[in-house]
Amino acid sequence: LSRYDENANSCVFLHRNDFKKIFGDRRGQMNKYRNSPPIVKISRKETGQSIHRVYSTDPDVSCKLGKCAGLTYTSLLNLSLSNEDYNHIGNLELTIGNSFVYYWNHPHHATRISMRLGVISIVMGAISLLTAII
């Protein structure tokens, strides 16, 4: 990829026309994705491994068949079981992802820990509230 920044691990870089193939419509026509990022689930059928990444476009991701995706080395390692397996990843399936799963397993440590602590805090608060009522 021509650009690499600290947030690249949380993205999958696709061609701009791939949004319609994955989500069923153009991004500008879908109210759901105006305020929240579109999440793509990237699955590997051979191993059952999957990761969730934010849809992003990159002008360098272009191929004639429209079957190319740009992932970082770390993302590819998350889809493989070992170093030998990394060299033979093969085909990946791209589908609509889940925001909760994306943030729960976020590649950036601070975001992942904040999400998990927030969920634990909400559950403990609900238990505390129920205990106080009973």
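About the criteria used
Residues numbered from 1 in each chain as written. Predicted model: local features only at pLDDT ≥ 70, side-chain atom pairs only at ≥ 80, totals over all residues. Heavy atoms only, no water. Salt bridge = Lys/Arg side-chain N within 4 Å of Asp/Glu carboxyl O. Helix = DSSP H or I, 4+ residues; strand = E, 2+ residues; numbered from the N terminus. Buried < 20%, exposed > 50% of the residue type's maximum accessible area, 1.4 Å probe, protein only. Core = buried A, V, L, I, M, F, W, Y, C linked by side-chain atoms within 4.5 Å. Contact = heavy atoms within 4.5 Å. Phe/Tyr/Trp six-rings, centres within 6.5 Å; stacked < 30°, edge-to-face > 60°.

Caption draft 1: Layout of the pattern of salt bridges. Evaluation of the coordinates by the stated rule reveals three salt bridges. The salt bridge involving lysine 21 is made with aspartate 18; its shortest N-O contact spans 3.6 Å. Taken together, the residues span about one helical turn, with lysine 21 and aspartate 18 both in helix 1 (residues 18-23) at a distance of three residues. Note that glutamate 93 and lysine 45 form a salt bridge whose closest N and O atoms lie 4.0 Å from each other. In this pair, glutamate 93 is assigned in strand 4 (residues 93-96) and lysine 45 in the loop between strand 2 (39-43) and strand 3 (50-57), connecting sequence segments 48 residues apart. On the basis of relative accessible area, glutamate 93 is assigned to the partly exposed category, the value being 34%. On the accessibility criterion, lysine 45 (66% relative accessible area) is exposed.

Caption draft 2: Spatial organisation of the nonpolar core. Formed by Val12, Leu14, Phe19, Ile22, Phe23, Val40, Ile42, Ile51, Tyr55, Leu71 and Leu79, the largest nonpolar core amounts to 11 residues. Among the secondary structure elements, those contributing two or more residues to this core are strand 1 (11-14), helix 1, strand 2 and strand 3. Element by element, the count of residues in this core is highest for helix 1, at three residues. Filtering out sequence-adjacent residues up to four positions away, isoleucine 42 remains in contact with Val12, Gln49, Ser50, Ile51, Arg53, Leu71, Leu79, Leu92, Glu93 and Leu94. Listed in part, the six residues of the second largest apolar core include Ala8, Cys11, Phe13 and Ile39.

Caption draft 3: Local environment of the packing of aromatic side chains. Inspection of the entire model under this criterion finds five aromatic pairs. Ring centres of phenylalanine 19 and tyrosine 55 lie 5.1 Å apart, and the angle between their planes is 70 degrees; this geometry places the pair in the edge-to-face category. Pair noted here: phenylalanine 19 is in helix 1 and tyrosine 55 is in strand 3, with a separation of 36 residues, a long-range link. The same class applies to phenylalanine 19 and to tyrosine 55, which are both buried.

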